[in-house]
Each structure stands twice: as structure tokens, then as C-alpha cells.
Amino acid sequence: TDYYYKGDNMQIAHRIDENRTVTTGITANDPAIEKLMRAMFIMAQGNMDQVETSNPTLIGDVIQLVNDAIQHDPTSNEMASDLLTMQYTLETHVTSIQRAIDLQSNFKATSESRLSDLENIEKTEIVTLLTSQQNALEVSYTAFGRIQQLSLADFI
């Protein structure tokens, strides 16, 4: 495996919300890619027409490597990685990112609606409502202060 370019390790991490980050990207470091590259290298070496005489298991080895790269066989001696797992992982990340985009779009629409409601409010109605709320709060504080002054000894 010394002939194989292992690629870089750089993968991009995307923060999709406050508590979740997904790492996307497939690099050449993945063993599934290495298995495919090794199978192609074996085929590229040639001698496939003399497979019966020189190496009868050559085609079987190539097919086994490709199959293991597509879906890992736990009984094989190869590294446990395959393209199906990589695909499922990427699909999960895509679903998470799409869900985050949908949530942010809904939040944006709700915020814009509320902002529009605040901008179009009638000022005299708000002042009247605020004044009545202020009066109710003052009455509540006055009643609370009066209740604090009462004691059981005053009634005995």
C-alpha cells in the first residue's frame, strides 16, 4: 500500500445549530477508497489475459476488494470501511443540514411577521394599553404594601 496516495485529512465542519456540528467530506484516507484504488492498481498491472497460468486468483482478489469496498464483509481481513457507510453518513448529514435550514427559514418568517406587526401597531392604542397596565401595577403594589402591614395581632 506504499504506492497509494493517502490524501489529506482536511474535512469541513459545519455548525448547523447551537449544539450540533457535522463534518462533511470524503478524503482519500478512507479505507474504502484505498480498497478501490488497490483493485484498480492490480488490474492496471496487466497480465489479465494470462490469469489462468500466472495467478489464477487475481480476478477473484480484485472482485473481493471491490465488493468489500462497496459493502464491508466482517469476515475479511480488510479495514472496516465501505462506500455504503460513507453514503449513509453523508445522507444523514444532508438531512440534518436540511432540517436546520428549514428551522431557520421558519424562524426568519416568524420574526419578519412579528417585526411587521410591531412596525404597524397603532401608537395611541399602545399608549392606552401601557397606561392601563401601569395603573393596574400601581394598584397591585399598593394592595401588596397594605397587606404586608396587616398582622394577626391587629385583629385580636
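(A) Geometry of the overall build of the protein. Within the protein, the secondary structure is distributed over 5 helices and 2 strands. Traced from its N-terminal end to its C-terminal end, the protein shows the element sequence β-β-α-α-α-α-α. By residue count, 17% of the 156 residues in the protein fall in the buried class. A separation of at least 24 residues holds for 44% of the contacts in the protein among residues at least 6 apart in sequence. Just so you have it, the protein exposes about 12500 Å², and 58% of that area is on carbon and sulfur atoms.

(B) Summary view of the pattern of salt bridges. Evaluation of the coordinates by the stated rule reveals 4 salt bridges. One salt bridge in this structure joins D68 and K35, with 2.6 Å as the shortest N-O distance. Taken as a pair, D68 in helix 2 (residues 58-70) and K35 in helix 1 (residues 31-44) lie far apart in primary sequence, 33 residues in all. Through salt bridges with shared partners, one network takes in E34, R38 and E78.

(C) Spatial organisation of the nonpolar core. Within the largest apolar cluster, 5 residues are counted, these being A39, I42, L58, V62 and L65. At the level of elements, helix 1 and helix 2 are the ones that each hand at least two residues to this core. The biggest single contributor to this core is helix 2, with 3 residues.

Procedures and definitions
Residues numbered from 1 in each chain as written. Predicted model: local features only at pLDDT ≥ 70, side-chain atom pairs only at ≥ 80, totals over all residues. Heavy atoms only, no water. Helix = DSSP H or I, 4+ residues; strand = E, 2+ residues; numbered from the N terminus. Buried < 20%, exposed > 50% of the residue type's maximum accessible area, 1.4 Å probe, protein only. Contact = heavy atoms within 4.5 Å. Areas by Shrake-Rupley, 256 points an atom, 1.4 Å probe, with all protein chains shown as cover. Salt bridge = Lys/Arg side-chain N within 4 Å of Asp/Glu carboxyl O. Core = buried A, V, L, I, M, F, W, Y, C linked by side-chain atoms within 4.5 Å.

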